[in-house]
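Each chain is listed here by its residues.
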Amino acid sequence: MNTLQDIHVLFESRAAQTVMIYRTGVRRFAYSYADLARLSRQCAAWLKAQDIGKGDRVVIWSPNSPWWAVAFWGCVLRGAVVVPVDFMSGKGRAESIASHSGAKLILQSRYKLDPLERGNAANIEDIQYAIAQRATAPAAFRRSAFLRTSLTVVSGLWRRHGRCVDYTATLR
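About the cut-offs
Residues numbered from 1 in each chain as written. Predicted model: local features only at pLDDT ≥ 70, side-chain atom pairs only at ≥ 80, totals over all residues. Heavy atoms only, no water. 1 Å grid on protein atoms, 1.4 Å probe; cavity = no way out; pocket = protein on both sides within 12 Å on 5 of 7 lines; lining within 4 Å. Points joined across faces, edges and corners; volume = space filled by probe spheres on them. Helix = DSSP H or I, 4+ residues; strand = E, 2+ residues; numbered from the N terminus. Nonpolar A, V, L, I, M, F, W, Y, C, P; charged D, E, K, R; others polar. Salt bridge = Lys/Arg side-chain N within 4 Å of Asp/Glu carboxyl O. Buried < 20%, exposed > 50% of the residue type's maximum accessible area, 1.4 Å probe, protein only. Phe/Tyr/Trp six-rings, centres within 6.5 Å; stacked < 30°, edge-to-face > 60°. Axes fitted to C-alpha atoms, helices over the stretch in contact; angles between N-to-C directions. Left-handed = near helix turned anticlockwise from the far one by under 90°. Contact = heavy atoms within 4.5 Å. Pairing = 2+ DSSP bridges. Core = buried A, V, L, I, M, F, W, Y, C linked by side-chain atoms within 4.5 Å.

Regarding the layout of surface pockets
Right, so step 1: A volume near 390 Å³ is recorded for the largest pocket.
Right, so step 2: What lines the largest pocket is a set of 16 residues, among which Tyr-22, Thr-24, Trp-67, Tyr-111 and Gln-128 lie closest to the centre.
Right, so step 3: Only strand 1 (18–24), strand 2 (27–32), helix 3 (66–78) and helix 5 (127–136) provide two or more residues apiece to the lining of the largest pocket.
Right, so step 4: Take the lining of the largest pocket: its biggest share by element is 3 residues, from strand 2.
Right, so step 5: Classifying every residue of the lining of the largest pocket by side-chain character gives 8 nonpolar, 5 polar and 3 charged.

Digging into the pattern of salt bridges
Right, so step 1: A complete count under the given rule lists 5 salt bridges for this structure.
Right, so step 2: Residues Asp-35 and Arg-38 are paired through a salt bridge, measuring 3.5 Å at the closest nitrogen-oxygen approach. A residue pair is termed a helical-turn pair when its members lie 3 or 4 positions apart in one helix, as Asp-35 and Arg-38 do in helix 2 (residues 33–49) at 3 residues.
Right, so step 3: Residue classification places Asp-35 among the partly exposed residues on the basis of a relative accessible area of 23%.
Right, so step 4: The closest approach of N and O atoms between Asp-114 and Lys-91, which form a salt bridge, is 3.6 Å. Taken as a pair, Asp-114 in the loop between strand 5 (105–108) and strand 6 (121–123) and Lys-91 in helix 4 (residues 91–101) lie far apart in primary sequence, 23 residues in all.

Notes on the packing of aromatic side chains
Geometry of an aromatic ring pair is reported as the spacing of the ring centres plus the angle between the planes.
Right, so step 1: By the definition in use, this model includes 4 aromatic pairs.
Right, so step 2: Aromatic side chains Phe-11 and Trp-73 sit 5.1 Å apart centroid to centroid with 75° between the ring planes, which places their arrangement in the edge-to-face category. Residue Phe-11 is located in the loop between helix 1 (4–9) and strand 1, and its partner Trp-73 is located in helix 3; the two are separated by 62 residues in the primary sequence.
Right, so step 3: The class for Phe-11 is buried, based on a relative accessible area of 5%.
Right, so step 4: For Trp-73, a relative accessible area of 12% corresponds to the buried category.
Right, so step 5: Where Trp-68 meets Phe-72, the ring centres are 5.8 Å apart and the plane angle is 15°; that geometry is what we call stacked. With Trp-68 and Phe-72 both in helix 3 and 4 residues apart, the pair spans about one turn of that helix.
Right, so step 6: Among the aromatic residues, those joined into a cluster by ring pairs are Phe-11, Tyr-33, Trp-68, Phe-72 and Trp-73.

What to know about the packing of helix 2 against helix 3
Right, so step 1: Axis separation between helix 2 and helix 3 bottoms out at 7 Å; the angle between their running directions is 60°. Handedness of the helix 2/helix 3 crossing: right-handed. Touching Leu-36, Leu-39, Ser-40, Arg-41, Cys-43, Ala-44, Leu-47 and Lys-48 of helix 2 are Trp-67, Ala-69, Val-70, Ala-71, Trp-73, Gly-74, Cys-75, Leu-77 and Arg-78, all from helix 3.
Right, so step 2: By residue class, the composition of the contact of helix 2 with helix 3 is 12 nonpolar, 2 polar and 3 charged.

What to know about unusual backbone geometry
Right, so step 1: Even without glycine at this site, Asp-51 takes up a positive phi of about 65°.
Right, so step 2: By the secondary structure assignment, Asp-51 is in the loop between helix 2 and strand 3 (57–61).

Digging into the pairing of strand 3
Right, so step 1: Most of strand 3 sits inside the fold, with 4 of its 5 residues counted as buried.
Right, so step 2: By the bridge criterion, 5 bridges tie strand 3 to strand 4 (residues 81–85) in an arrangement that is parallel. The residue bridging Val-58 from the neighbouring strand is Val-82, located in strand 4.

Brief notes about the nonpolar core
Right, so step 1: One finds Trp-46, Trp-67, Leu-107 and Ile-127 to be the most contacted residues of the largest nonpolar core, which totals 29 residues.
Right, so step 2: Looking at this core, the elements that each hand over two or more residues are helix 2, strand 3, helix 3, strand 5 and helix 5.
Right, so step 3: Ignoring any residue separated from it by four or fewer positions in sequence, one finds Trp-67 in contact with Tyr-31, Leu-39, Ile-124, Ile-127, Gln-128 and Ile-131.
Right, so step 4: Counting 10 residues, the second largest nonpolar core, distinct from the first, contains Trp-61, Val-83, Ala-103 and Ile-106.

Rendered as structure tokens:
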């Protein structure tokens with residue numbers, strides 16, 4: 001084993017084992033190695049659609065969560081360089097790190113009160129919706145620029161730039 005990609009290959013051999021448990025208040029979400037492998041491959045496909053490739057830098061400014069791990073392993077599979085920023089860091093520090101690293105994409109938490117407002121920023125919590133949408137949507141919809149923006153799921157609606165779109169009608 002010489003690279004992190006070599007470690008990712010081992011996930012399949014441990015498919016049934018639990019890799020992480022994420023607790024949110026009273027909820028408990030268990031993820032197996034198979035789940036992490038599948039989600040990270042889907043995230044890598046999403047990153048490819050965002051034109052992230054080998055050597056590109058991706059800032060992750062988020063608290064620990066399954067989506068942090070999925071984004072990390074997705075970047076590894078794409079050959080991208082992960083630039084982690086401590087979630088407790090302020091906006092100025094995160095902006096400085098993103099600028100100095102030459103980040104092509106910023107994955108930040110929607111829970112940050114003062115997020116970075118760059119065109120290449122997305123909410124890390126929305127990766128789960130983007131990759132699920134990518135897997136089930138018609139090809140023309142998957143290729144649309146709609147995926148390049150950060151999506152927020154609210155009561156069965158996607159809110160994008162102040163407009164709401166009924167996703168069930170969009171996916172038909």
